[in-house]
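# Secondary and tertiary structure notes
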Amino acid sequence: RSKADGRGTYRFFEEEMDAKMQARRMLELDLRAAFINQELEVHYQPLVAVESSKISGFEALVRWQHPERGWVSPSDFIPLAEEIGLIAQIGAWVLKQACSEAVTWPSDMRVAVNVSSTEFKSQSFFSNVTSALQMAGLPGHRLELEITETVVLQDTEATLATLLQLRALGVRISMDDFGTGYSSLSYLRKFPFDKIKIDQSFIADLPDRDGSVAIIKAIAGMSHSLGMNTTAEGVETMEQFEAVRLQGCTEVQGFFFSPAVPAYKIAELIASSGDKDRVAA
Ligand code: C2E
Ligand code: MG
Ligand code: MG
Ligand code: MG
């Protein structure tokens, strides 16, 4: 190999990096514009109680339809929003949307809202929650906040204080994507969550992987002993639903029931979910 070859490769690498940085910078500008121009939307995915097969609430999931790129996944733009300091504003907006939507549902249904760790730690977070509830007239017990292990692994004192303040409002706290993070269980002693959501990667392996069955069973058993509910995320088939039901999960969520839908389709979903006695107000 000659030196020239090596340099050529390096130059190519540099150009590729430039292109990536430029694309990222474009996406960043687009995201800021999208937020200002109100191009973001909130969709809602049903949470289904295992015992009754009835909808117990909905998870709010933010959506961005980019004029050229089409749907951009929140898994891509939420981390970007965190990096560029837009997450607190987007989060506050999602909270407001979700609370004012949920207040139109039957009164026993809750709305679950994802909170990223940067958002959780931001100064305005707690007041964003209280003002979203107040403006919508939604009782705190109808709101669930989904946080990830990243939140509880940092700043334990401040985090615990915020979690207790939220709990005092009646707000429920769920641990999202359980099993994918640092797998340190000590925080479960410090703060009892209301719900643990088992990450969809464990459900995707069902019913074939014995290891996943054992893990789901263990998480559901532990949750139950600690007085917490367990949601299985990403249930796509009848077999998976049966498997998580048998292992003791109390709630399910996934394409088997419904993907996330725009707000206007919710009443229809509730009406067709088998509980015709509960129709949206
Ligand atoms: P998450 O909170 O774990 O949400 C569940 C994700 O799984 C959603 O992806 C949902 O559409 C997807 N899902 C649900 N059922 C199934 C299924 O049966 N099969 C498969 N393959 N997927 C299923 P989505 O909407 O793309 O969101 C991805 C992640 O982005 C969320 O994961 C959450 O961490 C984050 N996110 C979404 N909306 C918000 C938001 O408003 N704020 C914040 N901070 N994060 C959000
Ligand atoms: Mg979630
Ligand atoms: Mg999750
Ligand atoms: Mg996830």
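Residues numbered from 1 in each chain as written. Chains lettered and ligands numbered in written order. Predicted model: local features only at pLDDT ≥ 70, side-chain atom pairs only at ≥ 80, totals over all residues. Heavy atoms only, no water.

If you look the chain up in an unreviewed UniProt entry, it shows as EAL domain-containing protein from Microvirga aerilata.

Further remarks concern the pattern of salt bridges. Scanning the model with the defined rule gives 12 salt bridges in all. We note a salt bridge from Lys195 to Glu251, for which the minimum N-O separation is 2.7 Å. On the criterion of sequence distance, the pair formed by Lys195 in strand β7 (residues 195-198) and Glu251 in strand β9 (residues 251-252) is long-range, its members being 56 residues apart. Several salt bridges share partner residues, and in doing so they unite Arg24, Arg25, Glu28, Arg32 and Glu83 into one network. (Salt bridge = Lys/Arg side-chain N within 4 Å of Asp/Glu carboxyl O. Helix = DSSP H or I, 4+ residues; strand = E, 2+ residues; numbered from the N terminus.)

The coordination sphere of the magnesium ion (ligand 2) contains the protein donors Glu59 (OE), Asn114 (OD1), Glu146 (OE) and Asp176 (OD), at a distance range of 2.0 to 2.2 Å. In this model, the magnesium ion (ligand 2) sits 4.0 Å from the magnesium ion (ligand 3), the two metals being bridged by Asp176. Taken together, the residues Asn114 in strand β4 (residues 110-114) and Asp176 in strand β6 (residues 172-178) connect sequence positions 62 residues apart. (Donors = N, O, S within 2.8 Å, 3.2 Å for Na, K, Ca; no water.)

To continue, consider empty space enclosed by the protein. One pass over the structure, following the stated rule, counts 1 cavity of 30 Å³ or more. Of the volumes computed, that of the largest cavity is approximately 60 Å³. For the largest cavity, the full set of lining residues is Val152, Thr156, Thr159, Leu160, Leu163, Tyr187, Lys190 and Phe191. For the lining of the largest cavity, the secondary structure elements donating two or more residues are α7 (156-168) and α8 (187-190). The biggest single contributor to the lining of the largest cavity is α7, with 4 residues. Here the lining of the largest cavity is composed, by residue class, of 5 nonpolar, 2 polar and 1 charged. (1 Å grid on protein atoms, 1.4 Å probe; cavity = no way out; pocket = protein on both sides within 12 Å on 5 of 7 lines; lining within 4 Å. Points joined across faces, edges and corners; volume = space filled by probe spheres on them. Nonpolar A, V, L, I, M, F, W, Y, C, P; charged D, E, K, R; others polar.)

Turning our eyes to something else, we now look at the environment of Glu101. Inspection of the secondary structure assignment puts Glu101 in helix α3 (residues 87-102). Judged by relative accessible area, which is 17%, Glu101 ranks as buried. It is 9.8 Å that separates the C-alpha atoms of Glu101 and Ala60, two residues lying 41 residues apart in sequence. Excluding residues within four positions of it along the chain, Glu101 makes contact with Tyr44, Ala263 and Ile266. (Buried < 20%, exposed > 50% of the residue type's maximum accessible area, 1.4 Å probe, protein only. Contact = heavy atoms within 4.5 Å.)

What follows concerns a nonpolar patch on the surface. Nonpolar side chains collect at one region of the surface, where Phe13, Met17 and Met21 lie side by side and expose about 320 Å² of accessible area between them. Under the relative-accessibility criterion, Met21 is labelled exposed at 56%. (Patch = residues over 30% accessible without salt bridge, like charges linked within 9 Å, V, L, I, M, F, W, Y side chains within 5 Å. Areas by Shrake-Rupley, 256 points an atom, 1.4 Å probe, with all protein chains shown as cover.)

Turning our eyes to something else, we now look at the packing of aromatic side chains. Applying the stated criterion across every chain, the model contains 9 aromatic pairs. Each ring, one from Phe191 and one from Phe193, has its centre 5.2 Å from the other, and the planes form 75°; the classification is edge-to-face. Overall, the relative accessible area of 3% leaves Phe191 in the buried class. Their ring planes at 75° and their centres at 5.0 Å tell us that Phe256 and Phe257 sit as a pair that is edge-to-face. Aromatic ring contacts, followed pair by pair, group Tyr44, Phe58 and Trp105 into a single cluster. (Phe/Tyr/Trp six-rings, centres within 6.5 Å; stacked < 30°, edge-to-face > 60°.)

Around ligand 1 sit 22 residues, and of these Arg63, Asn114, Asp176, Glu236 and Phe255 come closest. Between an oxygen atom of ligand 1 and a side-chain N or O atom of Asn114, the distance comes to 2.8 Å. Interatomic distance of 2.8 Å between a backbone N/O atom of Phe255 and an oxygen atom of ligand 1. If ligand 1 stood free it would expose 810 Å²; the protein chains cover 83% of that surface. The cavity where ligand 1 resides is the largest pocket. (Near = heavy atom within 4 Å. Polar contact = N/O pair within 3.5 Å; in protein donor to acceptor, adjacent residues only side chain to side chain. Sits in = over half its atoms within 2 Å of the grid points.)

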